[in-house]
Amino acid sequence: MATRICRTLAAFLLVLPNYVLSNSSSLPPRGPGSNGGEDVYDYIVVGSGPGGAPVATNLAKAGYSVLLLEAGDDQTGDITTQILQLGIPQLTNRWDFYVRHFEDNATQLRNNHLTWQRADGSLWVGNGSAAPADATLLGIYYPRGATLGGGSVINAGATVLPSRSYWDGIGTLTGDSSWNADNLREIFQRIENNHYLPPGTPGHGFTGYFDTNGNNGTIWERAPGTTAILGSMVSTLGGDPADTISLATRDINNASPDRDTSPGLYGLPLHANETWGRSSARDLVLSTLAAKKPNGKPKYPLTLKTHALVSKVLFDTKEGKGKGKGKGNSPNKKPRAIGVEYLEGEALYRADPRYSPSSGPSNPPVRIAKARKEVILSAGVFNTPQILQLSGIGPRSELARLNISVVVDLPGVGTHMTDNQEIPVVGLAQQPFETLPSEYDPPGLVCMFGMPGDPCIDLWLQGLGPYARATLNTNAFTLATNHSSPPGEVDILFFAIPFAFRGYWRFDAVVNFPPDPPNTFGISVVKINPGNRAGTVKLRSTDPRDTPDINFNIFTEGASQDLAALREAIEFARTAYENTPAPYGPVQPTEPPLDQTVQEEEQWIREQAFGHHASGTCAIGPDGDAFAVLDSKFKVRGVDGLRVVDGSAFPSAPGAFPVVGTFLISEKASLDILSDA
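Every chain begins its residue count from 1, and numbering advances along the sequence as written. Side-chain atom pairs in this predicted model are given and counted only at pLDDT of 80 or more, local residue features only at pLDDT of at least 70, and totals for whole chains, interfaces and linings cover all residues. The side-chain figures draw on all heavy atoms in the structure; neither hydrogens nor water molecules are used.

Put simply, DSSP H or I for four residues or longer makes a helix, DSSP E for two residues or longer makes a strand, and each gets a number counted from the N terminus. Along the protein, the regular secondary structure elements total 15 helices and 25 strands. The globule rule puts the C-alpha radius of gyration for 677 residues at 26 Å, and the 24 Å found for the protein is close to it. Overall, the C-alpha framework of the protein stretches about 80 × 60 × 55 Å when taken along its three principal axes. Relative accessibility thresholds used throughout: buried, under 20% of the residue-type maximum; exposed, over 50%; partly exposed, between the two (1.4 Å probe, protein chains only). With 677 residues in all, the protein has 61% of them scored as buried. Accessible surface area values rest on a Shrake-Rupley calculation with a 1.4 Å probe, where residue burial reflects the displayed protein chains alone. When the accessible area of the protein is evaluated, it comes to approximately 25,000 Å², of which 51% is carbon and sulfur surface. Charged residues are defined narrowly, with Lys and Arg counted positive, Asp and Glu counted negative, and His plus the chain ends left uncounted. By convention, the charge on Lys lies at NZ, on Arg at CZ, on Asp at CG and on Glu at CD. Within the protein, one finds 55 positive and 68 negative side-chain charges whose respective centroids are separated by 10 Å. The atom set for the radius of gyration is the C-alpha atoms, and the globule formula is 2.2 Å times the number of residues raised to the power 0.38.

Next comes the structure, spelled out in structure tokens:
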């Protein structure tokens, strides 16, 4: 069963975990002032992931003192977090959330990958019909990055730009012309350091901090089975399977105006350097901290504090800047964010797998930091709305339920959440899949996936070996279904791998399903622009260490269109399986089950779909929209001095994979903040 768990996660990540602890450190303050013993900075940024790191470093490089607060610690000392193929959620770098997909319990319990906790504390994974009598439902496992660098340290690294219409759509929605595809492409060019295209390729950058890399085609020469299925997908779309390898190296982030309406096979770039080391937000923070003046002193006034769990934003309700000239309690005056309160300590949050009521402090130290200019929340799609609600900003009814004083009634906080729904189309080939050894590797080389004594780590440190090359998860196949919106734009992304990726569950859980045979293949289907925005993040309590109540309410909005698109994608994958040539084909489709009615298949999709790219819980929107938490400059409505810069801000899903889009909006927010400085 443990083998089955590893194989399932390896389907997408192609790695195994290595639980390596490293000591965290809190770097000394650089340039803050003080006020009665309180730390004072120009800006406070909460969260060091792709949303927080760029804005924090950009503000510091502009000469402003910045406090960057991170609830986790720095895991740079764990080499597996430096190698893209090995970096996955581990005990020391993740938070374990358990979420719901539905309000309806009967539908929820039919999901085959629910996590339950037994009376002895062990975990069990399966659907409700087979759950042990002593098991309590936790939910669907949804790990998040909780370390310096956030999700960019634990993700698979997929780097696909949102469509032009996505960025232009935000401009149309808000009336802000700075939101346009050309502007965001320019930002991408500025931050990118491309390693897979010729220098000077239009639309790409080659000197920035955000490394990108892609396959050069050799992996497909060594993986004949996967290449055969990719070739059948090419043929099913009307192409020549003889072109498969060259197509699998094409740039999916090309600057062509037809990019978003050109379906087919591409390479899937990842955020990795030239030897496939992980490029992350952590690197940006550490390089900024390491920069020195000629006299050896820190070059930039950036302070990093780890093990800092923010509990609330602090407001001055007397000195806020108002629209009018009134003083005192003028109705035109807004509360102003002046700092944050945070708890100090390791593994304080109850989503941390290391958290223990018996081992951690019951009353951790409470600290306060003040901001002269602004507070920027970049704590993530679940935790940013949690902090706002704990601070008195959110739906009045939800705040009243917990007797939280209302600072601003913003009904959009913790609502309108969306996610890219995924399902695998699973098939059984005529023979097992294999990846042939590279001629450049030592004979008999066996990688140990980061375990002690792994010879492939030693090779990687020399820029050699399997970890220093592209892997099988560097393919992407796009499809424009008859249900795409905008019409004609690709709305499905497939990635094809010799495993079945069905979602996430913890490695130490007992699973209630058999392992897949070695001839298993998975064509994973990702809905690029889902229509559903009915998810919610609500407080369970006023305790900042508690996790929120998270329900995606999937397929509540736009269900008919999304389900029809997913069914069309499933049929495409099945056709490709059936047309795969020998010796691997034809591939027999097994999942979703065959011979279902339309209604039965849609019900199966509802019950078994999963996601791991949440967004939109504090969305940007137009003036006059009661559910628009942010204006187009990332400012929280109803208060001054407070912005949100992370995946919460997206008004809808930012393409198939959110990481690059989050880096881009952080760069854009930096410009907006500096223009107000």
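For the rest of this paragraph, the subject is unusual backbone geometry. A cis geometry characterises the amide bond from Ala582 onward to Pro583, with omega recorded as 10 degrees. Within the element layout of this structure, Pro583 appears in the loop between α13 (559–578) and β24 (588–591). Residue Gly585 is joined to Pro586 through a cis peptide bond whose omega torsion reads -5 degrees. As for its position among the elements, Pro586 is in the loop between α13 and β24. One non-glycine residue, Trp276, lies in positive phi territory at about 65 degrees. By the secondary structure assignment, Trp276 is in the loop between β10 (264–267) and α9 (281–290). Classification of Trp276 as buried rests on a relative accessible area of 6%.

A separate point is the state of the cysteines. Pairs of cysteine sulfur atoms within 2.5 Å are identified as disulfides in what follows. Per the stated rule, a full pass over the model turns up one disulfide. Each sulfur of the disulfide joining Cys447 and Cys456 lies 2.0 Å from the other. An S-S torsion of about -85 degrees defines the bridge between Cys447 and Cys456 as left-handed. For Cys456, a relative accessible area of 0% gives the class buried.

It is worth spelling out the side chain of Asp251 at this point. In this fold, Asp251 is placed in the loop between α8 (244–247) and β10. Think of a salt bridge as a Lys or Arg side-chain nitrogen and an Asp or Glu carboxyl oxygen that are within 4 Å of each other. No salt bridge is formed by the buried Asp251; the nearest opposite charge belongs to Arg185, separated by 6.0 Å. Pairs of N or O atoms are called polar contacts if they sit within 3.5 Å, as long as, within protein, a hydrogen donor faces a hydrogen acceptor (for residues adjacent in sequence, only side-chain-to-side-chain pairs). Looking at Asp251, its side chain comes within polar contact range of the side chain of His204, at 2.6 Å. In this structure, Asp251 is in contact with Tyr196, Leu197, His204 and Tyr266, ignoring residues within four places of it in sequence. When checking whether two residues touch, look at their non-hydrogen atoms; a contact exists if any pair is within 4.5 Å.

We now examine the pattern of salt bridges. A full pass over the atoms with the stated rule returns 33 salt bridges. Between Asp623 and Arg637 there is a salt bridge; the shortest N-O distance is 2.8 Å. Of this pair, Asp623 sits in the loop between α14 (598–608) and β25 (642–644) while Arg637 is found in the loop between α14 and β25, placing the two residues 14 residues apart along the sequence. Here the residues in one salt-bridge network are Asp73, Glu346, Asp352 and Arg354, joined through shared partners.

Read across the open sheet, the five strands follow the order β4-β7-β5-β6-β20; overall the sheet is mixed. Since the sheet does not close on itself, it has two edges, and those belong to β4 (94–99) and β20 (510–511), each with one partner. In terms of strand pairing, strand β5 (residues 114–117) meets strand β6 (residues 123–126) through four bridges, oriented antiparallel. The partner of Leu114 across the bridge, within β6, is Gly126. Two strands qualify as a pair provided that DSSP identifies no fewer than 2 bridges between them.

Bringing the sheet that holds β10 into the picture now. The strand order β10-β18-β19-β21-β17-β24 describes an open sheet built from six strands, whose pairing is antiparallel. Here the strands that pair on one side only, and so sit at the sheet edges, are β10 and β24. In this sheet, adjacent strand axes meet at a mean angle of 30 degrees when their direction is disregarded. Pairing geometry for strand β18 (residues 475–479) and strand β19 (residues 492–497), over three bridges, is antiparallel. Note on β19: the bridge partner recorded for Thr478 is Leu493. Axis definition: a line fitted to C-alpha atoms, over the contacting stretch in the case of helices. Angles run 0 to 180 degrees between N-to-C directions.

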